[in-house]
Amino acid sequence: PTRRHRPMPPRRTSLALLAHLCVSLAAAASYSVVDYGAVADGRTDCAGAFLRAWAAACGAEGEGPAAVVVPAGEFLVSRARFSGPCRSGAVGVNIAGTVLAPVPYAGVQLWIVFQNVYGVSVVGGTLDGRGQAYWACRRAGGGSSCPASTRSLTIYRSRNVVIQGLTSVNSAGIHVTVQASTGVAIVDTVVSAPGDSPNTDGIHVKQSSDVTIRNAVIGTGDDCISMVEGSSDVWIQGVTCGPGHGISIGSLGDTPEQVAVRNITVKAVTLAGTTNGLRIKSWAKANSGLVDGVAFSDVVMRNVRNPIIVDQNYCPGNFSCPTEVSYPSMITLLSTLHFQGGSS
């Protein structure tokens, strides 16, 4: 290391927003999806009803926030994109039941999307991606005959978003994606998929800043948490990971001029039965890039195959791996990297 790294303070913006929303949404005007035609039978497509309830809450005039309510029961939703900005300001999506993806395949890359929203919270409930048929296709070598892997929940081009108490199970692809957003808090969250489910990353951060991931239990068939290009000011604390591929930065360097990854703090986490623990991975290509200001502290690992790994020749499956790079021109991976405390 060339200089001393100072760990970042806990994310204040996102957590302050969480406290504000918990208070303000308690008195919010409610818009139940059932009132807009949703049926809790697990068979009727309720996407239209969900979108109508969102439109009503998002477009509501007057003072105070609004809340979309998903009551107990099972609601099938083929796909839904909740777009803003909202006239009503802060909008809560309060889920008591389970939202089901269609089977055997969703047939879309993105299932539930929040786009261009500000001050939105998603509280409670379960998203069931029902990805078993897709995984079977992949395991059988279906290749291009398999549909696109569907991501369950995506936060895109949004600010000050809170996800609290959500359970995501059996996503066909990535469970939660945060992309091109700022001020996102993911707290008290459970992510679960079998250890052999392909590409089921738990929480994926890309081109986003001021992201807090706190008190999460994540078990998947891929990275528990992955941070790729443009991730900055990410605070990860109190996370339990396993099974899965660990907590990863990258992969990086696949395309030219990728934006740097900066200021990543991982604190008080436990990894058990994972393939990797803490990993930084980059492709062996002649592209520039930077990882700067990374701090790991109070990390406990049990039965982890590769506790700490920096992989400058990342190539999953070892098929047609690029080799045209020399190490001096490789990505500058370790500008500031510190490990502290914990045990293995």
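Residues numbered from 1 in each chain as written. Predicted model: local features only at pLDDT ≥ 70, side-chain atom pairs only at ≥ 80, totals over all residues. Heavy atoms only, no water.

Draft legend 1. Looking closely at the nonpolar core. Counting residues in each nonpolar core, the largest one holds 71 residues, and the members touching the most others are Phe50, Trp54, Phe114 and Ile236. Top element by residues in this core is helix H2 (residues 47-58). It accounts for 7 residues. Leaving out residues up to four positions away in the same chain, phenylalanine 114 has contacts with Trp54, Phe82, Val93, Val120, Val122, Leu153, Thr154, Ile155, Tyr156 and Ser158. Core analysis: the second largest hydrophobic core is formed by 6 residues, Trp135, Cys137, Cys146 and Ala193 among them. (Core = buried A, V, L, I, M, F, W, Y, C linked by side-chain atoms within 4.5 Å. Buried < 20%, exposed > 50% of the residue type's maximum accessible area, 1.4 Å probe, protein only. Helix = DSSP H or I, 4+ residues; strand = E, 2+ residues; numbered from the N terminus. Contact = heavy atoms within 4.5 Å.)

Draft legend 2. View of the UniProt feature "active site" (unreviewed entry) in the protein chain. According to UniProt, the feature "active site" (unreviewed entry) maps to His245 in the numbering used here. One can find histidine 245 in the loop between strand E20 (240-241) and strand E21 (247-252). The class for histidine 245 is partly exposed, based on a relative accessible area of 23%. Apart from residues lying up to four places away in sequence, histidine 245 is in contact with Gly221, Asp222, Asp223, Thr275, Asn276 and Arg279. A polar atom in the side chain of histidine 245 sits 3.3 Å from the backbone oxygen of glycine 221. (UniProt positions renumbered as here; feature names shortened; annotations may be inferred. Polar contact = N/O pair within 3.5 Å; in protein donor to acceptor, adjacent residues only side chain to side chain.)

Draft legend 3. How the structure looks around H2. Compared with the 16 Å implied by 1.5 Å per residue over 12 residues, the 16 Å span of H2 between its first and last C-alpha is a close match. When we look at burial in H2, the residues that qualify are Ala47, Ala49, Phe50, Ala53, Trp54, Ala57 and Cys58. On an axial view of H2, the arc spanned by its buried residues comes to 165 degrees, and they lie on one face. (Expected span 1.5 Å × (residues − 1). Arc of directions from axis to C-beta.)

Draft legend 4. Structural view of the sheet that holds strand E18 (residues 225-227). Ordered by their spatial adjacency, 9 strands build an open sheet running E5-E8-E11-E14-E16-E18-E21-E23-E25, and the pairing between neighbours is parallel. Looking at strand neighbours, the two that pair on one side only are strand E5 (80-83) and strand E25 (306-311), the edges of this open sheet. Ignoring strand direction, the axes of neighbouring strands in this sheet form an average angle of 15 degrees. Sheet strands in contact with H2 are E5 and strand E8 (110-115), and its direction is about 5 degrees off that of E5. (Pairing = 2+ DSSP bridges. Axes fitted to C-alpha atoms, helices over the stretch in contact; angles between N-to-C directions.)

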